[in-house]
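Working through the structure, step by step
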Amino acid sequence: MATVPKPIASITLQEVMEGLASSPGFQAAFEEHTERAVFAETQVLRGTFILAGPGEFLRVTDSPIRHWMWLSGERLVMADGNAPEVEADREVLRFFQEFALLWRGDLAALEEQYALDFEFGYTVSWPVVWKLELTPRSEAVRAAIDRIFMIGESDEQGIRVTGLDLREAGGDWIRFRLRGPQAPRNEASADLDEIFKARKLP
Amino acid sequence: MKAWVGLLLLVTGAVFVLTSHLDVRGDITHFLPDEQAGTARSLSRSLATSELPRAMVLSVSAETPAEARRIARELAAEMRANEEVAWARTGPDPELPAALFDLYFPRRHDFLCDEPDPTPCLQRFNEEEGIREALRDLRRRLALPGAGRLAALADRDPFQAFEGIVARVRGTDPGLRLEAGQFVAAEGPEALILLQTHASAFDSERQAPLLGAIQSAFDRESKDSPAVLEMSGVNRFAVGIESRMQADTVRIGTVSLVGVSLLFLIFFRSPAVLVLALLPGGLGILGALLLATALQGELDLLTLAFGASLTGVAIDYAIHLIHHQTVAGTGRTPQQTARHLRPSLLLGAGTTLASFAGLTLTDFPGFREMGFFAMAGIAIAVLTTLFVLPKLLGEPRAPSPWVLRLAAGLGSGLQKLRRHRRGFAVVPLLALVSGLWAWPHAEWSDDLRGLSEIDPALVAEDDRVRARLSNFDASRLALVSAPDEGSLLRANDQLFERLQEQTGQGVLAGARSLHAFLWDPERIARHREVLNFGPEWRKRFERIAEEEGFRTGAFAPFLAEVAEAPKPELTLNELLASPLGEFVRPMIFDQGGRKVAVTYLRGVDAAASVDALAAAIAAVPGAELFDQRALIDGMFGEFRATTLRQMGVGSLLVVAVLALRYRRVRPTLAAFLPSVTTALLLLGALVATGTAINLLHAISLLLVMGMGVDYGIFLVDSGDEDQALGATLLSLLVACLTTVFVFGALALSAHPALRAIGVTTGLGVMLCFVLAPISWAAHAEGAGPEGAVGPGTKKRGRSEDPPR
C-alpha cells in the first residue's frame with residue numbers, strides 16, 4: 001500500500017524570525033566540521049553551545065582540543081586549553097557579533113547587512129525544514145565570508161536552528177551542527193552555569 | 001592745514017598697505033613656546049600645530065540606530081565635498097587592509113620575533129622542533145572559530161608572521177565599535193563620524209564657516225527626523241572663545257569710546273582735542289602695525305588687542321602736552337611747550353620701554369611679539385607727541401573756568417599739604433609692610449584653563465561625545481629623541497618594552513607606539529641573518545607539514561616566496577609615504593635637528609601611576625614622560641615668575657635711567673616711589689581679597705608700574721610753581737580717568753584673562769594717581785626749606801627744567 005503524503009507544511013521568514021526572537025535561549029551539544037584547503041582531512045570539533053540571550057553566547061569545545069569562547073555584548077573573550085583568557089580583536093569580535101545577530105530574530109538588522117534568500121523544504125513528515133542563505137552586503141565582510149547558511153526546523157514545539165554553514169571567501173567550509181535535544185537555557189548543566197556565574201552573567 | 005593733509009595722506013597710505021599686506025591670525029599656538037625651547041616644551045607647540053587638534057568627532061542620534069547611521073553617512077558624504085574637510089569617515093578605511101598587506105606581507109619575516117634579542121626565537125624556526133611546533137599551532141588555530149583571516153593566508157604564511165603585524169597595528173587603533181560597518185558609540189546607539197579639517201583648529205576665520213556648514217548639512221539630512229547632532233573638536237572652543245571676545249570687543253570698545261569722549265568734552269570742550277589726544281597712540285599702533293607687516297607679514301589678534309590698549313598709555317603724553325599748553329598759562333607756543341616737556345616725556349616713554357623690554361626675552365613668540373609691538377608703538381607715540389602734535393595743536397580753545405579752577409585747586413591743595421609732607425612717608429612704608437606680608441601669603445595660579453572662559457554647555461557636549469569613543473589621551477605622551485632614524489627606532493623599541501611592562505603591571509591600559517609599525521633596523525637585519533629558508537630547510541618543512549596533517553603541497557606558495565630574493569627592508573620614509581603614513585606622522589617629529597618619537601598612552605589617571613610611569617620611561621636614554629597639562633601650567637608659572645623677576649630687574653633699570661637723568665638721589669626716588677608703592681599695595685589687595693595671582697596679574701602689575709613711573713616723572717619735573725603743578729595734576733587726573741576707561745573697561749569682559757588685566761590695571765592706575773603726590777612730597781622737601789613755603793606762594797624754586 002502506497003504511503004499517502006501529508007499536506008505540505010509552510011513557514012515564512014517572518015515566522016522564523018519571530019520564533020528566534022521569542023526563544024529563551026538554549027544549551028545543546030555541537031559538532032563542527034572544518035574543511036580547509038590546507039588540511040589533509042576535515043577537522044571535527046565537539047562541545048557544548050549555550051545561547052544565553054540576544055548578543056550573548058558561550059561555546060565550549062571539549063574534543064579534540066579544549067577551548068572556550070564567550071561573547072557578551074561588546075566583549076569577546078577566549079581561552080585555549082588552560083591558557084589565560086584573551087580578548088579578541090575588533091575584527092573577530094565583529095565576526096561573532098554578526099554570528100550572534102543571526103540568533104536574535106531581528107529581520108530588519110539582518111536585511112541591513114545581508115541579502116537574504118529563504119526557502120523551506122517540504123517533507124513527508126514533520127518537522128518542516130528551512131534554510132536561510134545570507135550574502136554579506138559589505139564588501140569588507142565579503143572579503144572574509146562568501147555565504148552563510150542558517151538551517152533549522154519547525155514543529156509544534158517551536159522553531160529551532162539546527163546548523164550554520166559558513167563558506168569563507170577562500171572557499172573553505174565550516175559546518176556547525178547542533179546535535180540532540182536543545183535544553184532551554186534554565187536547564188543548563190551545572191558546570192556551564194558555574195562558568196556563567198564566574199563571569200557575572202545574569 | 002598742510003600738516004593735516006600730510007597726516008591724512010600718511011594714514012591713508014598706511015591703511016592701504018595694512019589692508020593689502022597684513023594677515024591677522026587668531027592662533028593660540030603663538031602663545032606656546034617656540035621650537036628652541038627644549039623637546040617637551042616645544043612639543044606642545046608641535047602638537048598644537050599637528051594634525052591632532054584638527055580632528056573632530058560628530059555624533060548623530062536619531063529615532064533608530066539605523067536612521068542615525070543613515071544620517072551620518074549622508075552628512076559625511078556632504079562634508080567630504082567641503083573644501084575645508086581633509087577627510088570624513090563613518091567606518092574603517094576600506095583601502096587600509098590592502099595597504100598594510102602590500103607594505104608588510106613581502107617583509108613579514110622581518111617582524112617575526114618581537115623581542116629585544118630575537119636570535120633564540122628566530123633559531124627555533126630553523127629547527128625541526130620549532131617548525132613542528134609552529135605548524136601544530138597553525139593547525140589548531142585554523143580549526144578554531146574566527147580563523148577566517150588566518151586561513152586566507154595560511155598557505156603563504158604558516159608562521160603567522162603577518163598575523164602578528166596586523167595584531168600590533170590593530171592595537172594602535174582607537175577601538176571604535178562598529179555596527180553595520182559604521183562607527184558607533186562605545187555604549188550607545190549614536191553613529192559617529194571622524195573628520196579632519198585642513199585648517200588649524202585655531203584658525204577661527206576658516207573654522208567658523210565650516211562649523212556652520214556641518215550644522216546646515218545635518219539640518220538638511222535630518223529634516224524629517226528628530227535627530228540630534230553633537231560635536232567634539234578643539235576648533236569649536238577656539239571659535240567660541242573668539243566670538244565671545246569679539247562681542248567683548250564691541251562692548252568694551254563702546255564703553256571706552258563713550259567714556260573717553262565724554263571726558264574730553266567735559267575737560268576740553270572740544271571733540272577735536274580728543275582726536276589730537278588719540279593721535280600719538282593711533283600713529284603708534286599704525287607704525288607698529290607697518291613694522292610688523294614689513295618684518296613678518298602677520299600679527300596675532302591678541303597682540304593687536306594688547307597693542308590697541310597702548311592708546312591708554314600713549315594718550316597720557318598727549319594729555320600732558322595739551323594741559324601744559326592750555327592750563328599752565330606760560331604763554332609758550334605748542335612747540336616750546338613740547339620742547340619744555342621733552343625730557344619728561346622721553347624719560348616717561350623710556351621707562352615704559354624698559355618695562356616692556358622683558359616681554360621680548362621669553363620663549364613665547366606671542367609675548368615677544370607683544371613686547372616688540374608695544375615698544376615700537378610707544379616710541380612712535382612719544383615722538384608724535386613731541387614733533388607732530390605741536391604742529392597740529394594751533395591755538396586750542398581755552399579751558400573752561402572750572403577746569404582752570406580745578407587745576408589751581410589741585411595745585412594749591414597739594415601745596416597746603418606741604419607742611420605734612422613727612423606724613424606721605426607713611427604710605428610707602430605701609431606699602432612695604434603690605435608687600436612683605438602679601439608675598440609669603442600669595443596664592444599663585446598657573447592653571448591655563450582658568451584664563452579662558454569656555455561655555456560650560458560646549459564643554460559638557462564635548463565630554464559626552466568623547467565618552468562615546470575609547471581613545472588615547474593626547475595630553476599625556478611618552479617621548480624619546482635621538483640624533484638619527486636608526487638610534488631613534490632602537491630607543492623607541494626599548495621604550496615600548498618598558499611600556500609593555502607597565503601595562504602588565506596595570507599602570508597604564510595601552511600604548512600606541514611607532515613600534516607597531518617599525519623596529520630598530522639592526523633587529524630587522526638580525527632576522528635576515530638568522531632565518532635560513534634554503535633548499536634543505538624547504539624540503540624539511542614540507543615533510544613536517546605532511547606529518548602534521550597538512551595536505552601535500554599545501555604550502556607551495558609559501559615555499560616559492562621564501563625561495564625568492566627578499567624585498568629591501570622597510571624604511572621610515574617608505575612607511576611615511578604609504579597610505580599608513582597618516583597613522584605614523586603624528587608619532588614622529590623633527591625637533592631642532594633631532595628626531596622625536598611620540599607614544600600615545602591610554603588609561604594613566606592616578607597620580608601614583610603617573611609617577612611610576614615617569615620613572616620607568618626616564619630609565620630609557622633620551623626618553624621622558626610628557627604631561628601637557630602639567631607642562632603648560634609649569635610654563636605659565638615660569639613665565640609668571642619671569643614677569644615678576646622682570647618687574648624687579650625692570651625697576652632697577654628704571655631707577656638707573658632716572659638716576660642718569662636726575663643725577664640726584666631724591667628726585668630719582670621721588671619719581672619712582674608711586675609706581676613701586678602702587679605695585680606693593682596692589683599685591684597686598686589681591687592677596688587680602690583671596691585672589692589667586694596668575695600670569696596676567698603679573699603682566700598688569702608691570703603695565704601699572706610703567707604708568708606709575710610716568711606719573712612720578714611728570715610731577716617731579718613739574719616743579720613747585722602752582723600753575724605748572726596744577727596743570728600736571730590735572731593732566732594726571734585726566735590721564736588716569738582715560739586709562740580707567742580704556743583699561744578698566746576690560747573689567748567688563750566675559751573673558752577672565754581680560755577681566756584680570758582690567759581690574760588690576762584699572763585699580764592700579766587709580767592708585768598711581770592717588771599716590772603720585774608722594775613724588776612731589778619726596779621731591780619738594782629738597783626744593784627748599786620747609787618753613788619757606790606756604791599757600792599762595794607763586795614761586796618755590798624751579799625743578800621743572802632738570803639737567804639735560
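Above this text is the structure in question.
A brief look at the structure comes next.

What follows concerns the overall build of chain B. Counting secondary structure elements, chain B contains 32 helices and 13 strands. A burial count over chain B gives 55% of its 804 residues as buried. A separation threshold of at least 6 residues defines the contact pool for chain B, and within that pool the share at least 24 residues apart is 81%. Here chain B has roughly 33000 Å² of accessible surface; of this, 60% comes from carbon and sulfur atoms.

Moving on: the layout of surface pockets. Residue and element names in this part refer to chain B. In this structure, the second largest pocket occupies an estimated 440 Å³ of space. Lining the second largest pocket are 18 residues, and of these Pro106, His109, Val562, Glu564 and Pro566 sit closest to its centre. For the lining of the second largest pocket, the secondary structure elements donating two or more residues are helix 21 (521-530) and helix 23 (556-563). When grouped by side-chain class, the residues that make up the lining of the second largest pocket number seven nonpolar, three polar and eight charged.

For the rest of this paragraph, the subject is helix 31 (residues 752-771) of chain B. Along an α-helix, residues three or four positions apart point the same way, because every turn accommodates 3.6 residues. Over its 20 residues, helix 31 of chain B runs 28 Å from end to end, which matches the ideal 28 Å to within 8%, given 1.5 Å per residue. Within helix 31 of chain B, 14 of the 20 residues are buried, which leaves the element mostly enclosed by the surrounding structure.

Residues and elements named next belong to chain B. Per the stated rule, a full pass over the model turns up 28 aromatic pairs over all chains. Between phenylalanine 125 and phenylalanine 159, the aromatic rings sit 4.7 Å apart at their centres with planes inclined by 55 degrees, giving tilted as the arrangement. Placement of the pair is phenylalanine 125 in the loop between helix 5 (119-124) and helix 6 (128-143) and phenylalanine 159 in the loop between helix 7 (148-153) and helix 8 (161-170), with a sequence separation of 34 residues. For phenylalanine 125, a relative accessible area of 13% gives the class buried. Of the residues examined, phenylalanine 159 reaches a relative accessible area of 7% and is grouped as buried. Measuring from centroid to centroid gives 6.1 Å for tryptophan 537 and phenylalanine 558, while their planes differ by 65 degrees, and the two rings are edge-to-face. Placement of tryptophan 537 in helix 22 (residues 535-547) and of phenylalanine 558 in helix 23 is noted, with a sequence separation of 21 residues between them. No difference in accessibility class separates tryptophan 537 from phenylalanine 558, as the two residues are buried. Against the face of tryptophan 87 rests arginine 89, its NZ or CZ located 4.2 Å from the ring centre.

Attention now goes to the nonpolar core. Formed by 98 residues in total, the largest nonpolar core has its most connected members in Phe264(B), Phe267(B), Tyr317(B), Leu658(B), Tyr711(B) and Ile713(B). Among the elements that make up this core, the one with the highest residue count is helix 29 (residues 695-718) of chain B (13 residues).

Residues and elements named next belong to chain A. Judged by pairing direction, the sheet is antiparallel, and its eleven strands sit side by side in the order 6-5-4-3-2-1-11-10-9-8-7 without closing on themselves. Both edges of this open sheet fall to strand 6 (86-87) and strand 7 (114-121), since each of them pairs with a single strand only. When strand 8 (residues 128-136) meets strand 9 (residues 145-155), the two strands line up antiparallel, connected through seven bridges. Within strand 9, the position partnered with lysine 131 by the bridge is isoleucine 151.

Procedures and definitions
Residues numbered from 1 in each chain as written. Chains lettered and ligands numbered in written order. Predicted model: local features only at pLDDT ≥ 70, side-chain atom pairs only at ≥ 80, totals over all residues. Heavy atoms only, no water. Helix = DSSP H or I, 4+ residues; strand = E, 2+ residues; numbered from the N terminus. Buried < 20%, exposed > 50% of the residue type's maximum accessible area, 1.4 Å probe, protein only. Contact = heavy atoms within 4.5 Å. Areas by Shrake-Rupley, 256 points an atom, 1.4 Å probe, with all protein chains shown as cover. 1 Å grid on protein atoms, 1.4 Å probe; cavity = no way out; pocket = protein on both sides within 12 Å on 5 of 7 lines; lining within 4 Å. Points joined across faces, edges and corners; volume = space filled by probe spheres on them. Nonpolar A, V, L, I, M, F, W, Y, C, P; charged D, E, K, R; others polar. Expected span 1.5 Å × (residues − 1). Phe/Tyr/Trp six-rings, centres within 6.5 Å; stacked < 30°, edge-to-face > 60°. Lys NZ or Arg CZ within 6 Å of the ring centre and 35° of its normal. Core = buried A, V, L, I, M, F, W, Y, C linked by side-chain atoms within 4.5 Å. Pairing = 2+ DSSP bridges.

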